[in-house]
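# Architecture at a glance
Spelled out from the first residue to the last, the chains are:
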Amino acid sequence: MTHRFAWIIAVLAGVSPLQSDDTKPINCANCATWNAEIDPFRIHDGVYYVGTRGLSSVLIDTGEELILLDGALPQSAQRIIGNIRALGFEPRQVRYIVNSHEHYDHAGGIAALARLTGAQVLASRRGAAALRGGNAAPDDPQAGFGDAMRFPPVENVRVVADGESIELGRITLTAHYTPGHTPGATSWTWRNCGNSGEPCLEFVFAESLNPVSAPGFRYSDDTGRARAFERSIEKFRALPCDALIPLHPSFREASGTASQFVGDDKCADYARRLLPRWRKRLQEEAKSGDAAEVGFTPPAASQSRAR
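Figured I'd write up the structure that's included with this text. (Residues numbered from 1 in each chain as written. Predicted model: local features only at pLDDT ≥ 70, side-chain atom pairs only at ≥ 80, totals over all residues. Heavy atoms only, no water.)

## Examining the packing of aromatic side chains
By convention here, two paired aromatic rings are described through the distance between centres and the angle between planes. Enumeration over the complete set of coordinates arrives at 10 aromatic pairs. Aromatic pair Trp190 and Phe203: ring centres 5.1 Å apart, planes at 10°, arrangement stacked. Taken together, the residues Trp190 in strand S10 (residues 186–192) and Phe203 in strand S11 (residues 201–206) connect sequence positions 13 residues apart. For Trp190, a relative accessible area of 1% translates into the label buried. Here the aromatic rings of Phe236 and Tyr270 are separated by 4.9 Å at their centres, their planes lie at 70°, and the arrangement is edge-to-face. In this pair, Phe236 is assigned in helix H7 (residues 223–238) and Tyr270 in helix H8 (residues 266–288), connecting sequence segments 34 residues apart. Under the relative-accessibility criterion, Phe236 is labelled buried at 0%. A network of ring pairs unites the aromatic residues Phe217, Tyr219, Phe229 and Trp278 as a single cluster. (Phe/Tyr/Trp six-rings, centres within 6.5 Å; stacked < 30°, edge-to-face > 60°. Helix = DSSP H or I, 4+ residues; strand = E, 2+ residues; numbered from the N terminus. Buried < 20%, exposed > 50% of the residue type's maximum accessible area, 1.4 Å probe, protein only.)

Shown next as structure tokens:
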């Protein structure tokens, strides 16, 4: 039974789609700050920010149905649903929910959102496996945090291959595997041409490439993993990119504005900033053997700082 069909059956049976444990809050050092409320806003014609103050979630109006990118925390799900409605859309219009990476602060709300909308969830091969299990993969750099990384598992995840495109209405959404932060990390791109006379923009929903790990993990112990991380950073230099939406936005105003996402050389600048950080991590590993990122304080056992 698909999520969409199950959603319809629940409504007809008089059962509230909100009756579930998949919105039970996760407690972590940053969760309250990440989940702070922000009004939804328009980024470009048909592209809207519907996430929280610290966790991006983006809604695309394809002219037919909707696409939702990322689900933030479990406790963010109802906030995202409210933001979708505040923009004049109905949650059941969401056809696809796609995931950037399989950590609880970006995937935690997906189970609830899939249930509430009936949408099909899309992810990379490695990301899909972690979503189904509701936890970081065993070889995830943050897997050492153990049960602190758990989130509500997601059923019926469809795997999207590297470079594969999903077409819906006027939008072609393309997956770009960018592993490093997690094994299944994926950036998503699309060309957005609305009806308002604005110029078309090449959008990138940019995967995190922050080399954060649990204590004891060393990127340099696996040459293939280290090379993949650097290739992921370099991928951004080649992406057409008029607008870049990071997974953890920084809002300096009471409400968000599109200007912080749109501009020239956003992806190239992203790569330029990330590469020194990544190389510093490798240098520190080689120099001291310390597996923790420089400046990173591991959380208490009952908390997590997934990025």
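Still to come is the rest of the account.
## Concerning unusual backbone geometry
Unusually for a residue other than glycine, Ala72 sits at a positive phi of about 55°. Structurally, Ala72 can be placed in the loop between strand S4 (66–69) and helix H3 (77–86). Residue classification places Ala72 among the buried residues on the basis of a relative accessible area of 1%. Its identity is not glycine, yet Asn156 carries a phi of approximately 55°, on the positive side.

## Remarks on the nonpolar core
In this structure, Leu59, Leu68, Ile97 and Tyr104 are the most contacted members of the largest nonpolar core, which totals 40 residues. Taken together, the elements giving at least two residues each to this core come down to helix H2 (31–34), S4, H3, strand S5 (94–98), helix H4 (104–107), helix H5 (110–117), strand S6 (120–123) and helix H6 (125–133). In terms of residues, this core owes the most to one element, H5, which gives six residues. In this structure, Ile97 is in contact with Leu68, Ile110, Leu113, Ala114, Thr117, Ala119, Gln120, Val121 and Leu122, ignoring residues within four places of it in sequence. Judged by nonpolar contacts, the second largest core, of 29 residues, contains Ile60, Leu173, Ala175 and Ala258. (Core = buried A, V, L, I, M, F, W, Y, C linked by side-chain atoms within 4.5 Å. Contact = heavy atoms within 4.5 Å.)

## Examining the sheet that holds strand S12 (residues 243–246)
The strand order S8-S9-S10-S11-S12 describes an open sheet built from five strands, whose pairing is mixed. What marks the edges here is a single partner per strand, and that holds for strand S8 (165–168) and S12. Taken over all neighbouring pairs, the strand axes of this sheet differ in orientation by 20° on average, direction set aside. Both S8 and strand S9 (residues 171–177) contribute to a ladder of four bridges, which runs antiparallel. Paired with Ser165 across the bridge in S9 is Thr174. (Pairing = 2+ DSSP bridges. Axes fitted to C-alpha atoms, helices over the stretch in contact; angles between N-to-C directions.)

## Some thoughts on the packing of H7 against H8
Where H7 contacts H8, the axes come no closer than 7 Å and their chain directions differ by 155°. As judged from the angle between their axes, H7 and H8 are roughly antiparallel. Two packed elements cross with a definite hand, and for H7 against H8 that hand is left-handed. Counting all contacts with H7, which are made through Ala226, Phe229, Glu230, Ile233, Glu234, Phe236 and Arg237, the residues of H8 involved are Cys267, Ala268, Tyr270, Ala271, Arg272, Leu274, Leu275, Trp278 and Arg279. Residue composition of the contact of H7 with H8, grouped by class: 11 nonpolar, no polar and five charged. (Parallel < 35°, antiparallel > 145°, perpendicular 65-115°, else oblique. Left-handed = near helix turned anticlockwise from the far one by under 90°. Nonpolar A, V, L, I, M, F, W, Y, C, P; charged D, E, K, R; others polar.)

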